[in-house]
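# Structural overview
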Amino acid sequence: MKIVVDAFGGDNAPLEIIKGAILAQQKFNIDICLTGSESIIKKVAKENNLDISNFSIVDTPDVIPVDQTPNDIMKEYSNSSMALGLKMVANDEADGFISAGNSGALCVGGTLMVKRLKGVKRPGFAPLLPTMNGKMFMIIDGGANLDARPEILRQFG
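The following refers to the structure shown. Everything numeric here is computed off the predicted structure, so don't read it as measured data. (Residues numbered from 1 in each chain as written. Predicted model: local features only at pLDDT ≥ 70, side-chain atom pairs only at ≥ 80, totals over all residues. Heavy atoms only, no water.)

### Comments concerning helix α1 (residues 15–28)
- Between its terminal C-alpha atoms α1 stretches 20 Å, which fits the 20 Å expected from 14 residues at 1.5 Å a residue.
- Taken together, the buried positions of α1 are Ile-17, Ile-18, Ala-21, Ile-22 and Gln-25. Burial along α1 is one-sided: seen end-on, the buried residues are contained in an arc of 140°. In α1, the exposed positions that point more than 90 degrees away from the buried face belong to Leu-23, Gln-26, Lys-27 and Phe-28. (Helix = DSSP H or I, 4+ residues; strand = E, 2+ residues; numbered from the N terminus. Expected span 1.5 Å × (residues − 1). Buried < 20%, exposed > 50% of the residue type's maximum accessible area, 1.4 Å probe, protein only. Arc of directions from axis to C-beta.)

Encoded structure:
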């Protein structure tokens with residue numbers, strides 16, 4: 001299984017994203033491809049003694065700023081770490097994509113590039129959260145929809 005990870009999405013990127021990708025690869029034995037500035041990814045990994053030799057990297061010139069409108073992913077940021085990662089999934093070059101970046105852009109990009117499942121009208125964010133005993137649980141529609149009607153909630157299931 002190949003998972004693309006937006007190395008420049010989220011807080012403290014790319015360092016914390018790289019650390020998380022290393023942990024995921026070790027735990028789940030998956031292929032990981034990082035998207036973002038290859039030179040910065042390699043520099044940060046080297047400065048922090050992180051071994052990324054098992055990762056492939058797709059060099060991207062752009063990153064979507066958090067304050068940009070979601071539709072910008074299709075226009076101004078079509079060569080961003082997020083857009084190129086989503087294109088890889090849409091083109092069957094990867095099995096999944098992960099980003100902690102601009103959630104609106106991720107939602108729009110996923111819907112327009114990767115597409116929704118047949119019969120599903122809206123995507124539902126499904127964050128995993130830790131419990132006090134160290135286990136995880138998932139919340140469906142973790143904040144993306146303000147007016148989820150019963151039919152939409154059924155589709156989330």
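### Digging into the pairing of strand β1 (residues 2–6)
- In terms of burial, β1 is largely enclosed, as four of its five residues are buried.
- The pairing of β1 with strand β2 (residues 31–36) spans five bridges and is parallel. Its bridge partner being in β2, Val-4 is matched across the sheet by Cys-33. (Pairing = 2+ DSSP bridges.)

### Some words on the layout of surface pockets
- There is about 1600 Å³ of room inside the largest pocket.
- If you trace the largest pocket, you find 43 residues lining it, with Phe-97, Ile-98, Ser-99, Leu-106 and Ala-126 closest to the centre.
- When residues in the lining of the largest pocket are grouped by element, the largest group, seven residues, is from α1.
- Counted by class, the lining of the largest pocket contains 27 nonpolar, nine polar and seven charged residues. (1 Å grid on protein atoms, 1.4 Å probe; cavity = no way out; pocket = protein on both sides within 12 Å on 5 of 7 lines; lining within 4 Å. Points joined across faces, edges and corners; volume = space filled by probe spheres on them. Nonpolar A, V, L, I, M, F, W, Y, C, P; charged D, E, K, R; others polar.)

### Looking at the nonpolar core
- Counting 17 residues, the largest nonpolar core has Val-5, Ile-18, Ile-32, Leu-34, Ile-41, Ile-52 and Phe-55 as its most contacted members.
- If you list the elements that add at least two residues to this core, you get β1, α1, β2 and α2 (38–47).
- Per-element tally for this core: the top contributor is α1, with four residues.
- When residues no more than four places from it in sequence are discounted, the contact partners of Ile-18 are Leu-34, Ile-41, Val-44, Leu-50, Ile-52 and Phe-55. (Core = buried A, V, L, I, M, F, W, Y, C linked by side-chain atoms within 4.5 Å. Contact = heavy atoms within 4.5 Å.)

### Quick word on the pattern of salt bridges
- Tallied over the entire structure, the rule returns four salt bridges.
- Salt-bridge contacts for Glu-38 lead to Lys-42; the nearest nitrogen and oxygen are separated by 3.0 Å. Here Glu-38 pairs with Lys-42, and both are found in helix α2, just four residues apart, close to one helical turn.
- Lys-42 sits in the partly exposed class, given a relative accessible area of 45%.
- Residues Lys-43 and Glu-47 are paired through a salt bridge, measuring 3.6 Å at the closest nitrogen-oxygen approach. Placement of both Lys-43 and Glu-47 in helix α2 is noted, with a separation of four residues, approximately one turn of the helix. (Salt bridge = Lys/Arg side-chain N within 4 Å of Asp/Glu carboxyl O.)

### Some details on helix α4 (residues 103–114)
- For α4, the set of buried residues is Ala-105, Val-108, Gly-109, Gly-110, Thr-111 and Met-113.
- Buried residues in α4 make contact with α3 (81–90).
- The N-cap of α4, judged by a side-chain oxygen 3.1 Å from the amide nitrogen of Gly-104 a few residues on, is Asn-102.
- One or two residues past the end of α4 sits Lys-115, with phi positive at roughly 85°. (Polar contact = N/O pair within 3.5 Å; in protein donor to acceptor, adjacent residues only side chain to side chain.)

### Points about the sheet that holds β1
- Across the sheet, four strands lie side by side as β3-β2-β1-β4; this open sheet has parallel pairing. This sheet does not close on itself; its edge strands, each paired only once, are β3 (56–59) and β4 (96–98). Across this sheet, the average inter-strand angle for adjacent strands is 25°, counted without regard to direction.
- As judged from the three bridges shared by β1 and β4, these two strands associate in the parallel manner. Note on β4: the bridge partner recorded for Val-5 is Ile-98.
- Against the sheet, α1 contacts β1 and β2, and its axis sits at roughly 165° relative to β2. (Axes fitted to C-alpha atoms, helices over the stretch in contact; angles between N-to-C directions.)

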